[in-house]
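Observations on chain architecture
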Amino acid sequence: MRTADPAGIMPSAESAVSQQDVISVRGLRMSYGHYEAVRGIDLDVPRGEVFAFLGPNGAGKTTTVEILEGFRQRTGGEVRVLGSDPARAGSAWRARVGVVLQESAPEAWLTVRECLSMYAGYYPTPLPVGRVLDLVGLTAKAGDRCDRLSGGQLRRLDMGLALIGDPELVFLDEPTTGFDPSARRAAWDVIAGLRDLGKTIFLTTHYMDEAEALADQIVILAAGKVVAAGTPATIGGRATSATTVSFTLPDGLTPADLPALPAAVSAGRYGQVEILHEHPVPLLHALSTWALERGYPLADISVHRPTLEEIYLRLTQETT
Amino acid sequence: MSVVPKARLASTASLVAHQARYDLRSFRRNSRARIFTLAVPVILLLILVALFHGGTVATGGVTVKIAAYYVPHIAAMAIVGAGMVNLLITLVAKRESGSLKRRRATPVPAWVLIAGDASTSIVSSLGIVAVLVAIGGIGFGLSLSVAAIGVAVVVAIVGAASFCCLAYALSGIVGNAESAGPMTQLATFPVYFISGIYIPDNVLPHWLLDVASVLPVRPLAVALQAAFVPATNGGSRFATVPILVVVAWGVAGLIVAVRRFSWVPRRSS
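Calculation criteria
- Residues numbered from 1 in each chain as written.
- Chains lettered and ligands numbered in written order.
- Predicted model: local features only at pLDDT ≥ 70, side-chain atom pairs only at ≥ 80, totals over all residues.
- Core = buried A, V, L, I, M, F, W, Y, C linked by C-beta atoms within 7 Å.
- Buried ≥ 20, exposed ≤ 12 C-beta atoms within 10 Å, placed from the backbone.
- Contact = placed C-beta atoms within 7 Å.
- Pairing = 2+ DSSP bridges.
- Helix = DSSP H or I, 4+ residues; strand = E, 2+ residues; numbered from the N terminus.
- Axes fitted to C-alpha atoms, helices over the stretch in contact; angles between N-to-C directions.

Before going further, it helps to examine the nonpolar core. Generally speaking, nonpolar side chains in soluble globular proteins are found buried as a group. Core analysis: the largest hydrophobic core is formed by 75 residues, its most contacted members being F51, A52, I201, F202, L203 and I220 of chain A. If we skip the residues at most four places from it in the chain, I201 of chain A touches V50, F51, V170, L172, I191, L194 and R195 of chain A. In terms of nonpolar packing, the next biggest core, distinct from the first, is built from 68 residues, V71, V92, A226 and A239 of chain B among them.

Here it is, written out as structure tokens:
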């Protein structure tokens, strides 16, 4: 398919791997036997940004992230993370990278504080344990054993373990899956706080509101390929795609009673009307002039821009 | 490019100590591991010595008191329990919970993590052997000397390290934490029997003892026996051939472990 890319964010395949970007990927491929999970993707993540990596299950997200984290050997393409090839990077590189795993069960027999202290000992310049406890909101649980924590607290501990080494780049793999809404907001605050500290964040998520709230850049993956890239506001042609204006017709009127409009009107059985158009202002002007002259309140009128979720579903369904 | 500065080497040694401290702390709080590796051998020793009270065993061409037989044999079993069985269960549980992968994502070198687990196994092996020897010496008149204890410590360390390697090798074929326990019981129980751990080896047929002698458990028991009663080994406290058999198993385990060991959970690969 042709990918809409108004911001020109998607790199061209010919351009070289960037030295400035924290993550730079060209033509990444990964095959398991005959099955090709990742089919030539390009990514660029500038320093200090929150980069959201979206896609349905089986799109190749986890495989790609595990290659970037250095857990898997790719079968093709070029990858640079913090200037090194993660497949060959050593412990100095690992000290600059924090990883939050999708499923986490740290040391069952240690307390939260002991667990953070143990991990702190792995790094050359760790953050103080107390500061990390504060950052992830586990100060009150510091003396509790890890196997007595709730699911949400375990995820926060894992985030703490990823931050204890004071990394430049943090991989967050579905960091808020299973959180209640307030815990999710709290986690978002932590992630936004990390960006303010100048960290680069590579986030995979299933939640479009999460990507919208946090991300500077979004890439959508489907069936092993990048299907869209851009900012939350522009991705998939979101900024220029049609706006939906909808309302209920006043009693006794039919769509034929409406004034001349620049777009087709689709009407429901109970008088609901939907009009799709790229330029909502002239449309609204014509409608409101008509309603004002005749004294119709059009009380339920709504103007709806496509959500990120709608864009995402359209893009990923086209591919799969 | 991979030149390690001197300061870094010193810090690597302290890294191993750092890791071992937390691994030992986890072991102390893990009651399953404690009961399995510490309580079971002590109870078995007390039961067996009480059962055959005052008796003797003909082994290695000489006749020894019942305690002088069972202390080294139960100690061998305890080393297998602490060095291999407990480590194997811990390793598979850590791998499947993602804890190994979690640690692998940090700058700590792989061998430091392995050394942390291995030293926990060796320290707990030495601890349980010390308890068994003390029970034998104080309660049942096992004759102890500095030389006997010195050789026993060396054999226990070599044995524990070898069985650690076997645990790392076996972790590659055990799929989940639930089956790790039963699988190792199934593998070790018959070997304990034919190695003369539970029943004295003079009642076992020769061909069965020959089989047991090329497996790693009996040679470890024979080597420990020699440390306390040199007469069972032709007068030498240091049973070279059996110790080499144990080491050979350890090396074989290490070779398999290097090829098969996995940091990531089975289910996700």
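What follows is about the sheet that holds strand β2 (residues 35-45) of chain A. Residue and element names in this part refer to chain A. Judged by pairing direction, the sheet is antiparallel, and its three strands sit side by side in the order β2-β1-β4 without closing on themselves. Single-partner strands in this sheet number two, and they are β2 and β4 (76-81). Averaged over all adjacent pairs, the angle separating strand axes in this sheet is 25°, with direction ignored. Note: strand β1 (residues 23-32) against β4, five bridges, orientation antiparallel. Note that in β4 the partner of I23 across the bridge is V81. Relative to the sheet, helix α1 (residues 61-68) contacts β1, β2 and β4, its axis offset from that of β1 by approximately 120°.

Here the focus is the environment of K101 of chain B. With respect to the secondary-structure elements, K101 of chain B resides in helix α4 (residues 99-104). For K101 of chain B, a count of 22 C-beta atoms within 10 Å corresponds to the buried category. Sequence separation of K101 of chain B and P265 of chain B is 164 residues, and the distance between their C-alpha atoms is 7.8 Å. Not counting the four nearest positions on each side in its chain, K101 of chain B is found in contact with L101 of chain A together with W263, V264 and P265 of chain B.

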